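Fold and geometry: a report
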Amino acid sequence: MSTRKDMDALLQGFVDAGLPGCGLKVVQRDKVVYEGYFGMADAEAGKPVTEDSIFRHASTSKLPLYTAAMMLYERGKFLLTDPLYEFLPEYRTSHKVVRNPNGSVDIVETDRPINIKDVLTMSCGLPYVNFPVETDDVTLRAMVKAMQPLWEKGHYTNREHVKAMANVPLAFEPGSRWLYGFASELTCALVEAVTGKSVDDAMQEMLFDPLEMNSTRSHFFGDTQERMVKLYTRDPEGNLKPFVFPLEKTFLPGPENEMGWARLFSTVGDFSNLMQMLANGGEYKGRRIMGRKTIDLMRTNTLNADQMKDFLDPYEEGYGYGFGVRTLIDPNFGNHNGSLGSFGWTGGYGTWVESDPAEGVSIVYMHNMMPNGERYYHPRVRTVAYGLIR
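Along each chain, the written sequence defines residue order, and numbers are assigned to residues from 1. In keeping with the predicted nature of the model, local features appear solely for residues at pLDDT of at least 70, side-chain atom pairs appear and are counted solely at 80 or more, and the whole-chain, interface and lining totals rest on all residues. Side-chain numbers here rest on the full set of heavy atoms in the structure, without hydrogens or water.

A look at the nonpolar core
The condition is simple: As used in this record, nonpolar core signifies buried Ala, Val, Leu, Ile, Met, Phe, Trp, Tyr and Cys residues forming a set joined through side-chain atoms within 4.5 Å. Each residue is placed in one exposure class: buried if its accessible area under a 1.4 Å probe, protein chains only, is under 20% of its type's maximum, exposed if it is over 50%, and partly exposed if it falls in between. Numbering goes from the N terminus for both helices and strands, where a helix is a DSSP run of H or I of at least four residues and a strand is a run of E of at least two. For this analysis, residues touch if any pair of their heavy atoms sits within 4.5 Å.
Counting 87 residues, the largest nonpolar core has Y91, L207 and L274 as the members making the most contacts within it. The element best represented in this core is helix α2 (residues 62–74), accounting for eight residues. The residues touching L207, leaving out its near neighbours within four places in the chain, are P64, T67, A68, M71, M213, L274, M277 and I289.

Some remarks on the pairing of strand β5 (residues 95–99)
Basically, it comes down to this: In this scheme, strands are said to pair when DSSP sees at least two bridges between them.
Bridge count for β5 against strand β6 (residues 105–109) is five bridges, and the pairing is antiparallel. Note on β6: the bridge partner recorded for R99 is V105.

Observations regarding helix α13 (residues 374–387)
Heads up, the condition is: In a helix, the anticipated span is given by 1.5 Å times the number of residues less one.
Helix length check: α13 (14 residues) gives 19 Å between terminal C-alpha atoms against 20 Å at 1.5 Å per residue, within 8%. Buried within α13 are the following residues: Y377, H378, V381, R382, V384, A385, Y386 and G387.

Thoughts on the sheet that holds strand β18 (residues 361–366)
Adjacent strands of a sheet form backbone hydrogen bonds with each other and so pair up, either parallel or antiparallel. Convention followed: Helix axes use the C-alpha atoms of the stretch in contact, all axes being lines fitted to C-alpha atoms, and the angles between their N-to-C directions lie in the range 0 to 180 degrees.
Strand order in this open sheet of eight strands is β3-β2-β1-β18-β17-β16-β15-β14, and the pairing throughout is antiparallel. This sheet does not close on itself; its edge strands, each paired only once, are β3 (47–48) and β14 (319–321). Direction of pairing for strand β16 (residues 343–346) relative to strand β17 (residues 352–356): antiparallel, over a ladder of four bridges. From the neighbouring strand, G344 faces β17, where its bridge partner is E354. The strands that helix α1 (residues 4–16) touches are β1 (21–28), β2 (31–42) and β18; relative to β2, the one it contacts most, it runs at about 20°.

Details of the environment of V105
Counting through the fold element by element, V105 comes out in strand β6. A residue is classified by how much of its surface remains accessible, and V105, at 35% relative accessible area, is partly exposed. The sequence separation of V105 and V138 amounts to 33 residues, and the corresponding C-alpha distance is 8.5 Å. When residues no more than four places from it in sequence are discounted, the contact partners of V105 are V97, V98, R99, N100 and V138.

Describing unusual backbone geometry
Cis peptide bonds are those with omega within 30 degrees of zero, and the linkage from M370 to P371 qualifies with -10°. Mapped onto the secondary structure, P371 falls in the loop between β18 and α13. At M122, a residue that is not glycine, the phi angle is positive and equals roughly 60°. Positive phi is not limited to glycine here, since N335 has a value of about 50°. Mapped onto the elements of the fold, N335 is located in the loop between α12 (331–334) and β16.

Structural notes on the pattern of salt bridges
As a working rule, side chains carrying opposite charge can pair if their charged atoms are close by. For the record, the criterion: Salt bridges are defined by distance alone: a side-chain nitrogen of Lys or Arg within 4 Å of a carboxyl oxygen of Asp or Glu.
Counted under the stated rule, the structure contains 22 salt bridges. A salt bridge links K230 to D42; the nearest nitrogen and oxygen atoms lie 3.4 Å apart. Taken as a pair, K230 in the loop between α8 (224–227) and β8 (232–234) and D42 in strand β2 lie far apart in primary sequence, 188 residues in all. Here E205 ties to K197 by a salt bridge, and the two come within 2.3 Å at their closest N and O atoms. A residue is classified by how much of its surface remains accessible, and E205, at 49% relative accessible area, is partly exposed. Each of R292, K293, D296 and R299 takes part in a single network of salt bridges with overlapping partners.

Details of the state of the cysteines
Rule in force here: The rule for a disulfide is simple: a pair of cysteine sulfur atoms within 2.5 Å.
This structure, assessed with the given rule, holds zero disulfides. Distance from the sulfur of C124, which forms no disulfide, to the nearest cysteine sulfur (C188) is 13 Å.

Concerning the packing of aromatic side chains
Applicable threshold: Aromatic rings from Phe, Tyr and Trp, taking only the six-membered ring of Trp, are treated as a pair when their centres fall within 6.5 Å; an angle between ring planes under 30 degrees marks them as stacked, one over 60 as edge-to-face, and anything in between as tilted. Throughout this description, the term charge over a ring refers to an Arg CZ or Lys NZ atom that lies within 6 Å of the ring centre and within 35 degrees of the ring normal.
Applying the stated criterion across every chain, the model contains 18 aromatic pairs. A centroid spacing of 5.8 Å and a plane angle of 55° characterise the contact between F311 and Y321, whose relative ring orientation is tilted. You can see F311 sitting in helix α11 (residues 305–311) and its partner Y321 sitting in strand β14, a full 10 residues away along the chain. Taken as a pair, F311 and Y321 share a single burial class, namely buried. One aromatic cluster in this structure is built from Y128, W178, Y180, F311, Y321 and W345. One Lys or Arg, R326, reaches over the ring of Y319 and ends 5.3 Å from the middle of that ring.

What follows is the structure in structure tokens.
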């Protein structure tokens with residue numbers, strides 16, 4: 001059994017060894033098991049990390065996004081088998097890359113259109129490409145070419161982004177493999193098409209307001225910019241130094257700063273409200289936000305044996321993939337002391353979150369550093385956090 005002192009020592013040790021700062025909140029059935037903040041939000045200014053500190057979220061933004069999508073699913077707004085083109089007409093016809101034994105490549109029409117399940121389970125065949133890259137990959141090269149006019153313009157909406165990708169040949173037949181990437185932009189566009197609102201407004205109405213996530217958004221407002229922790233990297237000597245990432249400008253209000261869907265920022269406490277709602281089977285402070293059985297579906301592994309080969313790496317050991325989230329399917333293989341079906345995701349800046357409905361537990365950990373060191377920090381936080389559960 002771990003104790004609060006064990007977690008304090010772990011997180012302070014991270015900071016002592018060079019992590020700029022971090023925060024963690026562990027909740028079980030609405031009771032705070034642990035909450036702590038360590039290090040600096042701005043080392044140069046001597047500003048510490050506190051419960052009011054705001055962190056960039058990158059891919060942990062997928063938790064509220066896919067939660068909102070599953071809420072729309074349970075409201076009957078679409079079926080998982082519905083073709084994507086019913087909501088995004090430009091995806092009526094898709095083509096895929098076929099690699100021949102002699103090394104040549106053919107581009108042929110897919111056997112069927114992309115459907116909603118393909119999008120929500122990262123099996124639609126489109127990777128990420130946020131910046132120009134030199135590559136021999138046919139799909140990536142086509143994505144770069146399609147994006148070039150938008151990059152040259154310097155700003156673009158998510159809808160423009162989605163339309164630009166519509167004629168790109170998919171890396172494989174929809175639903176046949178797993179590939180992390182552009183499915184989230186398609187999910188954003190789906191939410192907007194179904195609700196008739198921007199994805200930001202839809203998530204605020206469906207999640208951020210009901211869950212009292214008052215410091216969680218895509219664009220700065222009030223004092224949120226001043227409360228954002230500074231992003232750091234390491235120089236060749238291993239010293240921390242501030243790092244400006246090109247996507248930082250997307251947090252600024254105004255269409256001239258848009259580059260697709262702006263990723264979210266949030267506090268540890270805000271995000272804990274979301275993850276605790278999911279751990280509680282869809283309830284928050286006695287109010288029903290979404291259905292328990294929908295959450296069970298969301299955290300069900302969707303990957304077959306071939307798709308698992310695409311998904312597995314040392315960081316994901318023990319997990320499969322559900323609807324926008326990783327989900328624990330083998331605690332022994334994953335060296336994981338939580339429960340089967342625990343689910344969550346990771347953000348590229350260093351955030352990590354997980355809900356364990358079997359125990360009513362939510363764990364929200366945040367730091368902002370690039371590279372994020374996830375393979376070192378996150379398993380240690382996870383192990384000690386689950387050790388706190390009584």
